Amino acid sequence: MHYYSEEQNAVLNQLKTDEINGLTTAEVSARREQYGSNRLREKKKKTTFQRFLDQFKDVMILILIAAAAVSFVVACVEKNPKEFFEPVLILLIVILNAVMGVLQESKAEKALDALKNMSAPHARVIRDGVEQVIDAADLVPGDIIRLEAGDFVPADARLLHSAGLKSEESALTGESVPSEKDALASVADGAPLGDRSNMIFSGCSITYGTATAVVTATGMDTEMGKIANLLDNEEDTQTPLQKKLAQLGKYLGVVALAACAVIFVVGILNEIPALEIFMTAVSLAVSAIPEGLPAIVTIVLSIGVQRMVKRNALIRRLPAVETLGSASVICSDKTGTLTQNRMTLVRAYCDDATLETVDETCSDGVKNLLRMGTLCCDGSIIFKEEKEEHIGDPTETAIVLAAHRLGMPKETLNEACPRIAEVPFDSDRKRMSTVNVIDGKKVVIVKGALDMMVPLCISGDMEKARQINDEMSQNALRVLAIAIREIDTLSETPTAEELEHDLVFVGLVGMIDPPRPEAKAAVETCRKAGIKPVMITGDHVVTASAIARELGIMEEGDRAITGAELDAMTDRELDEAVESIAVYARVSPENKIRIVKAWQRRGRVVSMTGDGVNDAPALKAADIGCAMGITGTDVAKGAADMTLTDDNFATIVEAVREGRGIYDNIKKVVGFLLGTNIGEVICVFVAMLLWHKTPLLSMQLLWINLVTDSLPAIAIGMEAVEAGIMDRKPKPKNEGIFARGLGIQVVLQGIMFAALSLIAYKLGESALGEAGGQTMAFAVLSMSQVVQAFNMRSGQSLFKIGFFTNRTLNRAVLLTVALTALVLFTPVRVIFGLVALPVQLYLSALGLILVPLVVMELSKCFKLVRH
């Protein structure tokens with residue numbers, strides 16, 4: 001059946017659904033069994049076994065396995081049981097490394113999947129006669145859905161009712177201009193997709209108007225599903241930082257391989273058995289090349305992102321975490337973000353009357369004003385026991401609630417005065433209109449900002465209205481004007497131009513939206529962190545300035561300008577003035593893009609909030625686009641890098657703090673891993689050049705790589721955000737990860753580890769020969785790296801932050817020490833080529849192990865290690 005060519009009733013009958021009540025819960029369950037989830041098939045994920053095999057694709061690992069295999073064959077030929085230990089142990093360590101790699105990847109994947117599920121789209125549906133919001137994946141054919149501007153279309157659907165509806169269908173049809181839709185349109189059977197004007201399609205978005213529709217197809221049965229057939233929607237989740245680190249790993253790999261080649265040649269020239277020195281060289285290359293660094297960074301990022309979710313910031317794209325640390329300007333909406341978004345209608349003014357407080361004693365004129373306002377509202381309130389659930393725009397629900405409390409429930413008013421037409425609100429007109437039948441007459445009701453309504457009114461004392469408007473605005477009230485007009489005839493699809501003229505002014509309503517109590521502290525934090533807070537609002541400039549001063553956004557010397565004043569400025573004038581402008585009032589979405597670009601031209605990293613369809617370009621243009629989770633449209637959320645699940649300004653500031661913390665932790669992980677890896681290379685390289693001996697065997701190097709590198713590294717990445725992180729200035733956008741001395745620090749730390757290991761080797765060798773030297777070098781190198789893990793936690797002294805305040809690191813270190821002790825102090829040491837040491841050597845080793853703690857504490861004390 002082609003639903004687009006059938007009458008609406010035929011479609012409803014075919015789908016066995018009811019336009020008013022929708023499907024029943026039982027019917028929904030049955031249809032879900034029949035049709036499945038409303039999801040497009042995704043690319044099949046790799047199995048755990050496939051991921052395990054992927055760990056062995058690295059060339060160096062394959063060479064190491066080949067060398068172990070050769071060693072195993074030699075042991076078989078020589079029939080010496082002791083020769084079996086090394087190849088078997090190397091293979092076991094390589095397998096353990098692969099298992100850890102799979103576990104790390106799985107952890108990162110689960111974290112990213114969880115984030116994807118959190119940002120899944122929703123749908124407004126009528127079931128069992130009740131409107132509810134559900135996951136779009138739970139829709140089934142026959143569901144009755146409601147849509148408005150900014151919503152993504154969750155499934156293919158046949159329109160039942162529409163008002164000024166337009167849908168963006170470029171993803172499906174290639175049309176660059178939104179398609180006009182009409183529920184009453186007749187479409188011929190066999191019409192092409194782009195001509196089916198009574199249908200809306202999954203994956204597209206509503207750019208204008210409102211609609212009610214019945215779902216006709218879900219999942220792979222939708223038009224989008226037919227085209228996709230098999231959708232590979234996995235985005236490139238690697239951040240710029242990860243790509244740079246992967247590139248760095250390749251460069252380090254070249255250096256390590258060159259060093260290993262020299263070590264191999266020197267070993268051969270000094271008659272070290274070829275297989276032994278080859279195994280050592282390859283093991284060193286495997287240990288020195290930080291292949292796991294990008295994976296560990298993914299884990300640190302995803303763990304940090306999950307931590308941000310708990311603080312109401314949902315990161316949609318991982319690169320945004322890096323950018324957050326550089327944010328230097330936060331452009332924020334006022335309503336609901338800086339304020340509580342709990343609009344309460346407190347004052348009202350009727351034409352030629354006085355300003356009144358809205359309560360039980362208010363005049364009949366105010367009651368009539370609220371009646372008209374409620375009829376022109378799409379917002380509604382659901383009363384559940386003692387709770388009120390506000391659905392829709394807060395300014396509208398404030399009007400609806402005020403009318404309800406005066407004995408005029410919206411449902412009763414709609415029944416008595418049915419709506420027969422509407423022109424939805426848009427941010428350019430800053431008003432909406434409805435046509436209702438009141439006492440048998442067709443009445444146009446227009447609701448919007450006073451300055452946009454005055455030119456349309458032919459009756460009413462507009463001068464006094466302006467005075468009352470300014471008075472309420474100065475008291476931080478949000479003001480809406482209401483006007484009406486009686487009409488005799490109504491076209492089939494009325495336009496704003498047709499309805500919005502020759503209006504009779506009825507009055508003004510004033511609503512208060514108090515500042516959020518935490519916003520003032522968040523603004524102060526911004527100032528300390530070198531971040532400029534900017535307020536952008538559609539409100540009156542006087543109202544916006546009053547709130548901005550109260551919050552500390554507007555200080556001495558700062559300016560507040562309107563969208564009209566901004567339009568009159570050239571880009572050059574805006575660039576010169578932008579630093580001093582703290583408030584932008586009465587702005588359009590196009591203005592937002594200009595503000596973002598102006599700051600970016602000054603080299604600033606800009607965060608911009610938005611919630612409407614028209615905000616999407618500004619959200620994309622900003623370095624960090626922040627969509628509102630509560631009031632935001634699906635389109636805005638799709639364009640943003642981050643969604644604020646509580647629509648709170650303080651959450652943006654908290655996200656910047658977390659972003660800085662995550663970036664800091666990644667720098668710590670990189671510093672730790674590269675410092676220790678460089679130390680291993682220098683140690684073996686210098687020993688071979690000076691003494692023609694290897695201070696560490698292949699299996700010892702691999703064990704250090706497995707145990708003392710990866711476990712503490714992940715734990716360092718989970719370090720809590722440092723207390724003074726928001727007292728620093730933002731990091732420049734293009735600053736490299738090795739800036740501010742980290743590169744030099746890494747090299748110096750590598751030299752320190754190498755020196756300690758070489759000293760340990762000579763001490764052990766002089767007492768117990770080569771095996772004693774290797775045992776000392778192994779003990780000192782492995783355990784000094786554990787000590788270094790604690791050093792890397794902060795640029796501040798460990799005595800100040802507390803040695804054991806990172807519990808994850810404590811657990812990782814305990815496990816590392818236990819495993820290393822197992823190798824050093826039990827018969828297992830024989831397999832690793834280690835020997836028991838006298839007490840004096842163990843004490844000497846302990847002294848060397850603690851050297852990094854002393855060196856780093858002194859460096860921190862003398863500010864050699866600092867941010």
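No experiment lies behind these values; they were computed from the predicted model shown. (Residues numbered from 1 in each chain as written. Predicted model: local features only at pLDDT ≥ 70, side-chain atom pairs only at ≥ 80, totals over all residues. Heavy atoms only, no water.)

Participant: Just checking my understanding: could you explain the overall build of the protein chain for this structure?
Facilitator: A count of helical and extended segments in the protein chain gives 31 helices and 25 strands. Taking the principal axes of the C-alpha coordinates as reference, the protein chain spans close to 110 × 65 × 50 Å. Per-residue burial over the protein chain gives 54% buried out of 867 residues. Within the protein chain, counting contacts between residues at least 6 apart in sequence, those at least 24 apart form 72% of the total. The protein chain carries 88 positive and 107 negative side-chain charges, and their two centres are separated by 7 Å. (Helix = DSSP H or I, 4+ residues; strand = E, 2+ residues; numbered from the N terminus. Buried < 20%, exposed > 50% of the residue type's maximum accessible area, 1.4 Å probe, protein only. Contact = heavy atoms within 4.5 Å. Lys, Arg positive; Asp, Glu negative; His and termini not counted. Charge placed at Lys NZ, Arg CZ, Asp CG, Glu CD.)

Participant: Help me understand unusual backbone geometry, please; the structure alone is not making it clear to me.
Facilitator: Peptide bonds are mostly trans, and most non-glycine residues show a negative phi. Not every positive phi belongs to a glycine, and R586 is a case in point at roughly 55°. You can see R586 is positioned in the loop between β22 (581-585) and α22 (589-601).

Participant: How do you make sense of the side chain of Q700 when you look at a structure like this?
Facilitator: Position of Q700 among the secondary structure elements: in helix α26 (residues 698-716). Accessibility expressed as a relative area gives 0% for Q700, which makes it buried. A distance of 2.9 Å separates a polar atom in the side chain of Q700 from the backbone nitrogen of L697. Look past the residues within four positions of Q700 in its chain and what remains in contact with it is P695, Q774, F778, F832, G833 and L834. (Polar contact = N/O pair within 3.5 Å; in protein donor to acceptor, adjacent residues only side chain to side chain.)

Participant: Is there a simple way to explain the sheet that holds strand β25 (residues 642-644) in this structure?
Facilitator: Across a sheet, strands are paired by hydrogen bonds formed along the backbone, either parallel or antiparallel in direction. Across the sheet, 8 strands lie side by side as β8-β25-β24-β23-β9-β20-β22-β21; this open sheet has mixed pairing. Each edge of the open sheet carries a strand with a single partner, namely β8 (313-315) and β21 (559-562). In this sheet, neighbouring strand axes are inclined to one another by 20° on average, regardless of whether the strands run parallel or antiparallel. Each of β9 (329-333), β20 (532-536), β22 and β23 (606-610) is contacted by α22, which is oriented at about 170° to β23, the strand it contacts most. (Pairing = 2+ DSSP bridges. Axes fitted to C-alpha atoms, helices over the stretch in contact; angles between N-to-C directions.)

Participant: When you look at the pairing of strand β24 (residues 624-628) in this model, what are you seeing that I'm missing?
Facilitator: The side chains of a regular strand alternate, residue by residue, between the two faces of the sheet. With 5 of its 5 residues buried, β24 lies for the most part within the structure. Burial of β24 is two-sided: the residues I624, C626 and M628 facing one way and the residues G625 and A627 facing the other way are all buried. Two strands pair when backbone bridges link them, and β23 and β24 are joined in this way by 4 bridges, in the parallel orientation. Residue pairing across strands places M608 opposite G625, the latter belonging to β24.

Participant: Hey, could you run me through the packing of helix α27 (residues 742-791) against helix α30 (residues 839-849) in this one?
Facilitator: Helix packing for two helices is described by the angle between their axes and how far apart those axes are. Packing of α27 against α30 leaves a shortest axis separation of 8 Å and a crossing angle of 35°. Relative to α30, α27 is oriented so that their crossing is right-handed. Among the residues making up the contact of α27 with α30, the classes are represented as 15 nonpolar, 3 polar and no charged. (Left-handed = near helix turned anticlockwise from the far one by under 90°. Nonpolar A, V, L, I, M, F, W, Y, C, P; charged D, E, K, R; others polar.)

Participant: Even after reading the chapter, I still don't get the environment of W703, so can you show me in this structure?
Facilitator: Note that W703 resides in helix α26. Between the C-alpha atom of W703 and that of K762, which follows or precedes it by 59 residues, the distance is 21 Å. Leave out the neighbours within four places in its chain, and W703 touches I93, T708, F778, L819, T820, V823 and F832.

Participant: Explanation requested: the packing of α26 against α27 in the structure shown.
Facilitator: The N-to-C vectors of α26 and α27 enclose an angle of 10°; their axes lie 9 Å apart at closest approach. Taken together, the axes of α26 and α27 are roughly parallel relative to one another. When α26 is examined against α27, the residues Q700, W703, I704, T708, D709, P712 and I716 are found in contact with a partner set consisting of Q774, F778, L781, S782, Q785, V786 and A789. In the contact of α26 with α27, the residues fall into 8 nonpolar, 5 polar and 1 charged. (Parallel < 35°, antiparallel > 145°, perpendicular 65-115°, else oblique.)

Participant: I tried to follow the nonpolar core on my own but got confused; where do I start?
Facilitator: The nonpolar side chains of a soluble globular protein tend to be buried, and buried together. Formed by 132 residues in total, the largest nonpolar core has its most connected members in F649 and I666. Residue contributions to this core peak at 18 residues, all from α27. Setting aside residues no more than four positions away along its own chain, F649 makes contact with I330, S332, T337, L338, A519, A522, V523, C526 and P533. Counting residues in each nonpolar core, the second largest holds 33 residues, with A348, V358, V366 and L370 among its members. (Core = buried A, V, L, I, M, F, W, Y, C linked by side-chain atoms within 4.5 Å.)

Participant: I tried to follow the pairing of β9 on my own but got confused; where do I start?
Facilitator: With 5 of 5 residues buried, β9 is to be regarded as a mostly interior element. Side chains V329, C331 and D333 project from β9 onto one buried face, and the interleaved I330 and S332 project onto a second face that is buried too. Alignment of β9 against β20, held across 5 bridges, turns out to be parallel. Bridge assignment links S332 to a residue of β20, and that residue is M535. As defined by bridge partners, β9 adjoins β23 across 3 bridges and the pair is classed as parallel. The partner of C331 across the bridge, within β23, is M608.

Participant: I keep staring at the pattern of salt bridges and nothing clicks. Help me out?
Facilitator: As a working rule, side chains carrying opposite charge can pair if their charged atoms are close by. Counting across every chain of the model gives 35 salt bridges. Close ionic contact of R311 with E654 constitutes a salt bridge, the shortest N to O distance being 3.4 Å. Note that R311 is positioned in the loop between α10 (293-310) and β8 and E654 in helix α25 (residues 649-691), a separation of 343 residues in sequence. Residue classification places R311 among the partly exposed residues on the basis of a relative accessible area of 40%. Its salt-bridge partner being E576, residue R572 comes within 3.9 Å of it at the nearest N-O pair. (Salt bridge = Lys/Arg side-chain N within 4 Å of Asp/Glu carboxyl O.)

Participant: I'm lost on the environment of A546 in this one. Help?
Facilitator: On the secondary structure map, A546 appears in helix α19 (residues 541-551). Separated by 69 residues in sequence, A546 and L477 have C-alpha atoms that sit 9.7 Å apart.

Participant: It is not clear to me how the packing of aromatic side chains should be interpreted in this structure. Could you clarify?
Facilitator: The relation between two aromatic rings is expressed through the spacing of the ring centres and the mutual angle of the planes. Scanning the model with the defined rule gives 6 aromatic pairs in all. Ring geometry for F790 versus F804: centroids 5.9 Å apart, planes at 85°, classification edge-to-face. Residue F790 is located in helix α27, and its partner F804 is located in the loop between α28 (798-801) and α29 (807-825); the two are separated by 14 residues in the primary sequence. Among the residues examined, F790 registers a relative accessible area of 11% and is labelled buried. Owing to a relative accessible area of 59%, F804 belongs among the exposed residues under this scheme. Relative to F804, the ring of F803 lies with its centre 6.1 Å away and its plane at 40°, an arrangement referred to as tilted. Grouping aromatic residues by their ring pairs yields a cluster made of F790, F799, F803 and F804. Its guanidinium or amino end placed over the ring of Y208, K166 lies 5.8 Å from that ring's centre, counting from NZ or CZ. (Phe/Tyr/Trp six-rings, centres within 6.5 Å; stacked < 30°, edge-to-face > 60°. Lys NZ or Arg CZ within 6 Å of the ring centre and 35° of its normal.)

Participant: Which parts of the structure should I look at to understand the side chain of Q749?
Facilitator: You can see Q749 is positioned in helix α27. Within polar-contact distance, the side chain of Q749 engages the side chain of Q788 at 3.1 Å. Discounting residues that sit within four places of it in the chain, Q749 has contacts with G671, G675, Q788, M792 and M856.

Participant: What should I look at first to understand helix α12 (residues 364-375) in this one?
Facilitator: Because each turn of an α-helix spans 3.6 residues, side chains separated by three or four positions in sequence point in the same direction. In a regular helix each residue adds 1.5 Å, so 12 residues correspond to 16 Å; α12 covers 17 Å between its end C-alpha atoms and thus fits that length. Among all positions of α12, only V366, L369, L370, M372, G373, T374 and L375 are buried. (Expected span 1.5 Å × (residues − 1).)

Participant: Is there a simple way to think about a nonpolar patch on the surface in this case?
Facilitator: On the surface, a cluster of nonpolar side chains totalling about 320 Å² of accessible area is made up of L91, I95, V99 and L103. For V99, the position within the fold is in helix α5 (residues 82-118). (Patch = residues over 30% accessible without salt bridge, like charges linked within 9 Å, V, L, I, M, F, W, Y side chains within 5 Å. Areas by Shrake-Rupley, 256 points an atom, 1.4 Å probe, with all protein chains shown as cover.)

Participant: Please explain α29 as it appears in this structure.
Facilitator: The first and last C-alpha atoms of α29 sit 26 Å apart over 19 residues, in line with the 27 Å expected at 1.5 Å per residue. Where the residues of α29 are buried, they touch α26, α27 and α30. A side-chain oxygen of the first residue of α29 lies 3.2 Å from the backbone nitrogen of T808; this N-cap is N806.

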